[in-house]
Amino acid sequence: MEELKEQGKIRVYADITSDAVTLHYKEVATKDTKTNEQLISELTEKKKRNNELQAEKTAEGIKELLRTESLPQSAFTADEETAMYFFMLSKLRRSHYPAVGLKENDYYGLTDSKKLKIAKSLTEEQKTVIRRGYLYSHLTERTTTVADEKGGMLLSFSRQHLPEKTETVVKAQKEEYGKKNARLDERITGLKEAEKKAKSKAKTEKAEQTAGQGKAPEIVPKTAKQANKDTTPKADGKATPNAEAVKVATPAKTESKAGEQAKHSTASDKVFFVTVPKTQPKPANAKGKPEAVAV
């Protein structure tokens with residue numbers, strides 16, 4: 001058995017079950033063991049497959065030739081017309097089958113041989129039915145709107161053949177969405193008016209705020225008594241070594257300076273704040289009294 005296996009005359013295979021594995025041997029058919037009938041059958045299948053491959057390779061070569069070469073200008077032939085209607089028959093509506101000699105239940109049995117036979121013997125009326133069915137198929141497939149080119153042709157096609165019913169559909173949709181759009185227009189107009197008022201209000205408030213910032217504040221000059229009180233030094237018992245002594249301003253001069261500051265501030269639209277530091281007393285003199293320091 002091992003010798004036969006090595007020679008390729010038998011094949012070993014295993015039969016596996018739930019509780020055991022069994023080895024089996026099977027003879028391998030060879031040219032020496034095949035009958036003439038078996039050999040003829042195998043050779044015939046190979047020849048058939050070769051013919052199929054020949055046809056497939058020829059089709060690939062012809063398609064590549066047509067893709068790469070330009071076709072010469074010539075009259076449209078009868079064979080070309082037959083081929084055209086052959087393919088158009090695939091798009092024919094079943095309700096129009098009787099017009100070309102078919103029954104509606106022939107839909108699933110419409111083979112290529114039947115289509116070619118019909119395409120070769122069509123009348124002008126039958127050709128019109130097929131062309132119109134082909135056009136209907138392309139206009140209705142994957143058309144989602146009448147607002148583009150394909151949808152425009154669909155609308156024209158329907159108006160040509162069913163004018164009254166087509167206008168009923170168009171009118172119904174126009175009325176329905178006309179009402180919806182009217183409500184939307186009202187909302188849009190209201191929102192625009194509200195936006196306009198909001199912008200106008202914001203502009204007015206901004207102008208008022210700008211005008212308020214540009215107005216000079218009112219400055220009230222101090223009286224002579226107040227000026228004298230502010231410039232009177234106060235002794236707190238603490239000496240300031242680096243303090244500089246200045247003359248005490250008279251009330252008249254104080255009022256004059258305050259008036260000049262108010263006048264200057266009003267003219268230039270600016271506010272100047274003058275801070276008068278507290279007067280620090282100097283050390284006591286020989287009599288034990290502090291000397292006043294004027295600001």
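To be clear, the structure that these remarks concern was listed above.
Not measured: the values here are computed from a predicted model.

(A) Seen up close, the packing of helix α5 (residues 124-140) against helix α6 (residues 149-161). For the pair α5 and α6, the least separation of the axes is 9 Å and the interaxial angle reads 135 degrees. Regarding the angle of α5 to α6, the classification is oblique. Crossing hand, α5 versus α6: left-handed. The segment α5 lies against α6, with Arg-132, Leu-135, Tyr-136, His-138, Leu-139 and Thr-140 engaging Lys-150, Met-153, Leu-154, Phe-157 and His-161.

(B) How the structure looks around the pattern of salt bridges. Taken as a whole and judged by the stated rule, the model has 9 salt bridges. A salt bridge links Arg-49 to Glu-52; its shortest N-O distance comes to 2.9 Å. Placement of the pair is Arg-49 and Glu-52 together in helix α2 (residues 36-68), with a separation of 3 residues, close to one helical turn. Judged by relative accessible area, Arg-49 falls into the partly exposed class, the value being 38%. For Lys-127, the salt bridge is made with Glu-124, and the minimal N-O distance between the two is 3.7 Å. Of this pair, Lys-127 and Glu-124 both sit in helix α5, separated by 3 residues, roughly a single helical turn.

(C) Focus on the nonpolar core. By size, the foremost hydrophobic cluster in this structure holds 13 residues, and its most contacted members are Tyr-85, Val-100, Leu-102, Ile-118 and Ile-130. If one sorts the elements of this core by residue count, helix α3 (residues 78-88) sits on top with 3 residues. Not counting chain neighbours up to four residues away, the residues in contact with Val-100 comprise Leu-92, Ile-118, Gln-126 and Ile-130.

(D) Looking closely at the pairing of strand β2 (residues 21-27). The element β2 is barely covered by neighbouring structure, given that only 0 of its 7 residues are classed as buried. One ladder, built from 7 bridges, connects strand β1 (residues 10-16) with β2; its direction is antiparallel. In the sheet register, Arg-11 faces β2, and the bridge partner there is Lys-26. Here β1 folds back onto β2 in antiparallel fashion, the turn holding 4 residues.

(E) Inspection of the packing of α3 against helix α4 (residues 112-119) at higher detail. Close contact between α3 and α4 brings their axes to 8 Å; oriented N to C, the two are set at 130 degrees. With respect to α4, the element α3 is oriented oblique. Crossing of α3 against α4: the hand is right-handed. Between α3 and α4, the residues in contact are Thr-82, Tyr-85 and Phe-86 and Asp-112, Lys-115, Leu-116 and Ala-119, respectively. Grouping the constituent residues of the contact of α3 with α4 by class yields 4 nonpolar, 1 polar and 2 charged.

(F) A look at a nonpolar patch on the surface. Residues Met-1, Leu-4, Leu-23 and Tyr-25 make up a contiguous nonpolar surface patch of about 390 Å² in total accessible area. Within the secondary structure, Tyr-25 sits in strand β2.

(G) Up close: unusual backbone geometry. With a phi close to 60 degrees, Arg-142 is a non-glycine residue in the positive phi region. Summarising the element assignment, Arg-142 is placed in the loop between α5 and α6.

(H) View of α6. Across its 13 residues, α6 extends 19 Å between first and last C-alpha, which sits within 8% of the 18 Å expected from 1.5 Å per residue. Measuring from the side-chain oxygen of the N-cap residue of α6 to the backbone nitrogen of Gly-151 gives 2.7 Å; that N-cap residue is Asp-148.

(I) Main features of the packing of aromatic side chains. Scanning the entire structure with this criterion turns up 2 aromatic pairs. An angle of 85 degrees between the planes, with centres 5.1 Å apart, marks the rings of Phe-86 and Phe-87 as edge-to-face. Note on Phe-86: relative accessible area 15%, which makes it buried. Taking the relative accessible area as the measure of exposure, Phe-87 reaches 56% and is therefore exposed. Look at Tyr-107 and Tyr-108: their rings are 5.0 Å apart centre to centre, the planes differ by 90 degrees, and that puts the pair in the edge-to-face class. The exposure class assigned to Tyr-108 is exposed, which follows from its relative accessible area of 71%. It is Arg-93 that lies over the ring of Tyr-136; its NZ or CZ is 4.1 Å from the centre. Seen from the ring of Tyr-107, Arg-94 lies directly overhead, with NZ or CZ sitting 4.3 Å from the centre.

Cut-offs applied
- Residues numbered from 1 in each chain as written.
- Predicted model: local features only at pLDDT ≥ 70, side-chain atom pairs only at ≥ 80, totals over all residues.
- Heavy atoms only, no water.
- Axes fitted to C-alpha atoms, helices over the stretch in contact; angles between N-to-C directions.
- Helix = DSSP H or I, 4+ residues; strand = E, 2+ residues; numbered from the N terminus.
- Parallel < 35°, antiparallel > 145°, perpendicular 65-115°, else oblique.
- Left-handed = near helix turned anticlockwise from the far one by under 90°.
- Contact = heavy atoms within 4.5 Å.
- Salt bridge = Lys/Arg side-chain N within 4 Å of Asp/Glu carboxyl O.
- Buried < 20%, exposed > 50% of the residue type's maximum accessible area, 1.4 Å probe, protein only.
- Core = buried A, V, L, I, M, F, W, Y, C linked by side-chain atoms within 4.5 Å.
- Pairing = 2+ DSSP bridges.
- Nonpolar A, V, L, I, M, F, W, Y, C, P; charged D, E, K, R; others polar.
- Patch = residues over 30% accessible without salt bridge, like charges linked within 9 Å, V, L, I, M, F, W, Y side chains within 5 Å.
- Areas by Shrake-Rupley, 256 points an atom, 1.4 Å probe, with all protein chains shown as cover.
- Expected span 1.5 Å × (residues − 1).
- Polar contact = N/O pair within 3.5 Å; in protein donor to acceptor, adjacent residues only side chain to side chain.
- Phe/Tyr/Trp six-rings, centres within 6.5 Å; stacked < 30°, edge-to-face > 60°.
- Lys NZ or Arg CZ within 6 Å of the ring centre and 35° of its normal.

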